[in-house]
Amino acid sequence: MMIMDRKVYRHLDKLPSGRAGDKLTNGCIVLEGGGWKGLYTLGVLDCLMMNDINFTAVAGCSAGALSGVGYLSGQIGWGARIDLTYRHDQNYCGIGALLRDGGITGFSYLFKNVIKDLPLDKKRLSAPTRRFAVSATNLLTGQVEYFEMGKCNLSRAVQASATVPFVSKPVLINGVPYLDGGCAEKIPFPWSEQSGEKKVVVVRTRELSYRRKPGISKIANVMYRKYPNLLKSMEKTNENFNTMVDMLEKKSDSGEIFLIAPSKPVTVTRFDGDMDKLGALYWLGYHDMKNRLNELRDYLNS
């Protein structure tokens with residue numbers, strides 16, 4: 001597949017590659033969403049794989065759900081290569097995706113075309129030794145639901161989790177419409193609690209000081225007027241997010257969880273197309289994690 005006529009990250013050849021080891025680390029890693037800010041997460045995950053830290057459980061929301069796929073398949077650099085190669089391919093992100101899949105991201109193109117150039121290790125991804133849950137928002141109830149690998153159509157669940165509101169059509173699963181898990185819950189930390197995980201790592205995609213303005217956008221009241229429960233949920237989502245990140249910081253300070261977030265303010269926007277900025281955010285995640293590896297190992301061994 002020719003990519004010479006598209007704008008790609010100029011340092012693709014410097015991205016790490018290879019396969020993660022077979023050693024598993026007991027614990028759960030929780031991945032926040034955030035559109036292209038998810039490149040920070042990909043950097044964190046690649047660093048973990050290169051250092052033989054492969055958690056037995058993964059929970060992802062939106063971009064975090066997509067990031068989790070490459071981590072569970074053990075393919076270092078796989079997710080970053082896709083995003084930093086195909087960002088300006090209209091079939092992956094743009095009009096082609098909108099025409100094929102009714103949304104900003106071309107999932108059918110990703111799973112049918114892109115993986116021909118960057119094959120996915122589906123056998124390792126679906127190994128029963130690890131758990132993978134992705135969150136999506138049920139438009140009828142307005143509540144978040146978790147779809148777990150082995151109990152659902154995973155590609156469909158990931159698509160639902162990462163289907164951006166306002167610009168994408170809902171994804172139907174068993175006749176029920178779903179959108180981005182972040183519509184109701186932006187960080188799927190509750191899944192790790194419900195699963196009884198003792199060691200939990202949470203990966204943020206914005207700096208720790210970031211908080212959201214309470215309330216709901218006016219366009220939501222127009223676009224989703226047929227889903228009153230969704231609107232009630234969305235009205236509280238930002239406030240709930242602020243409460244959750246406050247709680248996560250307290251748990252991190254007390255040593256209950258390990259929390260990693262960008263060490264610099266993130267200027268990448270949800271639909272950013274600046275490839276140098278996207279590449280820099282990936283490397284920020286990689287180096288932030290590398291600088292805290294000893295701290296993470298101490299937490300896991302405590």
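Quick caveat, the model's predicted, so the values are computed rather than measured.

(A) How the structure looks around unusual backbone geometry. Phi is positive for Ser62, which is not a glycine, with a value near 55 degrees. Mapped onto the fold, Ser62 is located in the loop between strand E2 (55-61) and helix H2 (63-72). One non-glycine residue, Phe166, lies in positive phi territory at about 75 degrees. Mapped onto the elements, Phe166 comes out in the loop between helix H7 (154-161) and strand E5 (171-173).

(B) Expanded view of the nonpolar core. Membership of the largest hydrophobic core comes to 83 residues, with the highest contact counts inside it found for Ile29, Leu48, Leu84, Ile187, Val202, Met289 and Leu296. Top element by residues in this core is helix H1 (residues 38-50). It accounts for eight residues. Other than its neighbours up to four places away in sequence, Val202 contacts Val30, Ile187, Phe189, Leu248, Ile257, Phe258, Leu259 and Ile260. Leu139, Cys183, Leu230 and Met234 belong to the second-largest nonpolar core, a separate cluster that totals eight residues.

(C) Spatial organisation of the pairing of strand E7 (residues 200-203). Residues of E7 alternate between two faces, with Val200 and Val202 on one and Val201 and Val203 on the opposite face, all of them buried. Strand direction decides the pairing type here: strand E1 (residues 25-31) and E7, joined by four bridges, are parallel. Note that in E7 the partner of Leu31 across the bridge is Val203. Direction of pairing for E7 relative to strand E8 (residues 258-260): parallel, over a ladder of three bridges. Opposite Val201, over in E8, you have Phe258 as the bridge partner.

(D) Structural detail: H2. Most of H2 sits inside the fold, with nine of its 10 residues counted as buried. Of all the residues in H2, the buried ones are Ala63, Gly64, Ala65, Ser67, Gly68, Val69, Gly70, Tyr71 and Leu72. Positive backbone phi, at 70 degrees, marks Gly74, one or two positions downstream of H2.

(E) Inspection of a nonpolar patch on the surface at higher detail. Taken together, Phe166, Val167, Ile219, Val222, Met223 and Phe271 make up a surface patch of nonpolar side chains, about 490 Å² in accessible area. Checked against the element boundaries, Val222 lands in helix H9 (residues 218-223).

Cut-offs and rules
- Residues numbered from 1 in each chain as written.
- Predicted model: local features only at pLDDT ≥ 70, side-chain atom pairs only at ≥ 80, totals over all residues.
- Heavy atoms only, no water.
- Helix = DSSP H or I, 4+ residues; strand = E, 2+ residues; numbered from the N terminus.
- Core = buried A, V, L, I, M, F, W, Y, C linked by side-chain atoms within 4.5 Å.
- Buried < 20%, exposed > 50% of the residue type's maximum accessible area, 1.4 Å probe, protein only.
- Contact = heavy atoms within 4.5 Å.
- Pairing = 2+ DSSP bridges.
- Patch = residues over 30% accessible without salt bridge, like charges linked within 9 Å, V, L, I, M, F, W, Y side chains within 5 Å.
- Areas by Shrake-Rupley, 256 points an atom, 1.4 Å probe, with all protein chains shown as cover.
- Salt bridge = Lys/Arg side-chain N within 4 Å of Asp/Glu carboxyl O.

By themselves, these figures tell us nothing about what the structure is for.
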